[in-house]
Every structure is written in C-alpha cells, then in structure tokens.
Amino acid sequence: FADPVRPDDMTGWIETAFNELAQKKTVGLNDRPGGNTKEPGSITVDRIHIIRYPTLYDYISNGCELTVSVAIDFTMSNGDPADPNSLHYIQPDGSLNQYEQAMIGVGEILVEYDQDKKIAVYGFGGIVAGHSGASHCFPL
C-alpha cells in the first residue's frame, strides 16, 4: 500500500485469509520492514463480490469434449539437445529429459478425458525436410 507523499514507498503489509477479511471487515497493517510506525494503517473491506470460474471438471461433467494436442519447441531457445544443460538434452541411457517428463505427465492425465484417446503432435521452430527455413507448425 502506497504512502500519499511518496507513491513508491511501502506503508505496511498484511497477511490474511479471505474469511478473516469477510468477518472482520477491517484488518490492521503491519509496519514495513525497517519501519518504526506503530500503526501504519488498516484495510477496510467495503464489499465482497465472489466470482466463480468454471473448472476443467465443470466443463467435462457438463459434456465438453477435449481433443489433446501437443506442440514441441524445436527452436534453439532451449539449447542444443547434445548439451546436458539443455531442456532438450537426449539422455544417452534413454531416460526422459524434463521436457519429455512434463509432456508425458500432463498428457497421461488429459488423454483420459479425450474421446478417441489420440494425441496430435506438432512441432514448431524446426526446419522440415525439403524446406530451407524454419516452420512455425508441422505435424510429427
């Protein structure tokens, strides 16, 4: 919360829970780190408006069908696959790198909600055979 004289200064801080704000309506601020203000202020809740956003479960249980597809980044932004520090590093022992583990972990969950249980796999940022420049989307 900002001080009116210097808007970039921290006036105080608060750590609370939704229920505390809803019940108390006014909660005192703690002094800023290194500060010496005994009562830096408070927060008063005038009204609370709760917006419930649908979850993935809500969509699926109401008939929404999923089609799972994956895109693999072939740009060099993640480094050379021969470099052990790269997210794309190909392990000599055949074990999965972090990138592969993440795709499989998420894919195994989402495919259960896919009607045909097939995952479309695309690539981007790589040079496709027969082309000279990088392609932004190609099937694998």
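The present account deals with the structure reproduced in this document. (Residues numbered from 1 in each chain as written. Predicted model: local features only at pLDDT ≥ 70, side-chain atom pairs only at ≥ 80, totals over all residues. Heavy atoms only, no water.)

Remarks on the overall build of the chain
Convention followed: Going along the chain from the N terminus, every DSSP run of H or I of four or more residues is numbered as a helix, and every run of E of two or more is numbered as a strand. Each radius of gyration is computed over the set of C-alpha atoms, and the globule rule expresses the reference value as 2.2 Å times the number of residues to the power 0.38.
Along the backbone of the chain there are 3 helices and 9 strands. Order of helices (α) and strands (β) in the chain, N terminus to C terminus: β-α-β-β-β-α-β-α-β-β-β-β. Against the globule reference of 14 Å for 140 residues, the chain gives a C-alpha radius of gyration of 26 Å, more extended than a compact globule. Each principal axis of the C-alpha distribution contributes one length, and for the chain these read about 70 × 45 × 30 Å.

Focus on the packing of aromatic side chains
What counts, and what does not: For this analysis, a ring pair means two rings from Phe, Tyr or Trp (six-membered ring only for Trp) whose centres lie within 6.5 Å, classed as stacked if their planes differ by under 30 degrees, edge-to-face if by over 60, and tilted for the remaining angles. Here the term buried applies to any residue with accessible area under 20% of the maximum for its type, exposed to any over 50%, and partly exposed to those in between, with areas from a 1.4 Å probe on protein chains only.
In this structure the tally under the stated criterion is 1 aromatic pair. A centroid spacing of 5.8 Å and a plane angle of 35° characterise the contact between phenylalanine 74 and phenylalanine 138, whose relative ring orientation is tilted. Highlighted residues: phenylalanine 74 in the loop between β5 (69–73) and α3 (98–110) and phenylalanine 138 in strand β9 (residues 138–139), separated in sequence by 64 residues. Given a relative accessible area of 39%, phenylalanine 74 falls into the partly exposed group.

A few points about unusual backbone geometry
The general pattern is negative phi for most residues beyond glycine and trans for most peptide bonds. Positive phi, normally seen in glycine, also occurs at lysine 117, with a value near 60°. Of note, lysine 117 is situated in the loop between α3 and β6 (120–124). On the basis of relative accessibility, which here comes to 45%, the residue lysine 117 falls in the partly exposed class.

Here we look at the pairing of β5
Definition in use: Criterion used throughout: strands pair if DSSP finds at least two bridges between them. Viewed with both strands pointing away, a crossover whose connecting path from the first strand over the helix to the second turns clockwise is right-handed.
Relative to β6, β5 runs parallel, the two sharing 5 bridges. Among the inter-strand pairings, isoleucine 72 is bridged to a residue of β6, identified as glycine 123. The handedness of the β5 to β6 crossover, carried by α3, is right-handed.

Details of the sheet that holds β5
One open sheet holds the 3 strands; their spatial order is β5-β6-β9, and the pairing between them is mixed. Of all strands in the sheet, those bounded by a partner on one side alone are β5 and β9. Bridge count for β6 against β9 is 2 bridges, and the pairing is antiparallel. Bridge pairing in β9 links tyrosine 122 to proline 139.

So, α3
As a reminder of what qualifies: Expected helix span is taken as 1.5 Å per residue step, with the number of steps being one fewer than the number of residues. Polar contact is defined as a pair of N or O atoms within 3.5 Å, subject to the rule that within protein one atom must be able to donate a hydrogen and the other to accept it, and that residues adjacent in sequence are counted only when both atoms are side-chain atoms.
Under the 1.5 Å per step criterion, the end-to-end length of α3 is 18 Å for 13 residues, consistent within 8% with the ideal 18 Å. Capping the start of α3 is the job of one residue whose side-chain oxygen sits 3.0 Å from the backbone nitrogen of tyrosine 99: asparagine 97.

Section: the side chain of serine 86
Within the secondary structure, serine 86 sits in the loop between β5 and α3. Judged by relative accessible area, which is 7%, serine 86 ranks as buried. In terms of polar contacts, serine 86 uses its side chain to reach the backbone carbonyl oxygen of glycine 79, at 3.4 Å. Polar side-chain contacts of serine 86 include one of 3.4 Å to the backbone oxygen of aspartate 80.

Quick notes on the pattern of salt bridges
Close approach of charged atoms allows side chains with opposite charge to pair. Applicable threshold: The term salt bridge refers to a pairing of a side-chain nitrogen on Lys or Arg with a carboxyl oxygen on Asp or Glu at a separation within 4 Å.
All chains considered together, the criterion is met by 2 salt bridges. We note a salt bridge from arginine 47 to aspartate 46, for which the minimum N-O separation is 3.8 Å. For aspartate 58, the salt bridge identified is with arginine 52, shortest N-O distance 2.8 Å. The exposure class of arginine 52 is exposed, given its relative accessible area of 61%.

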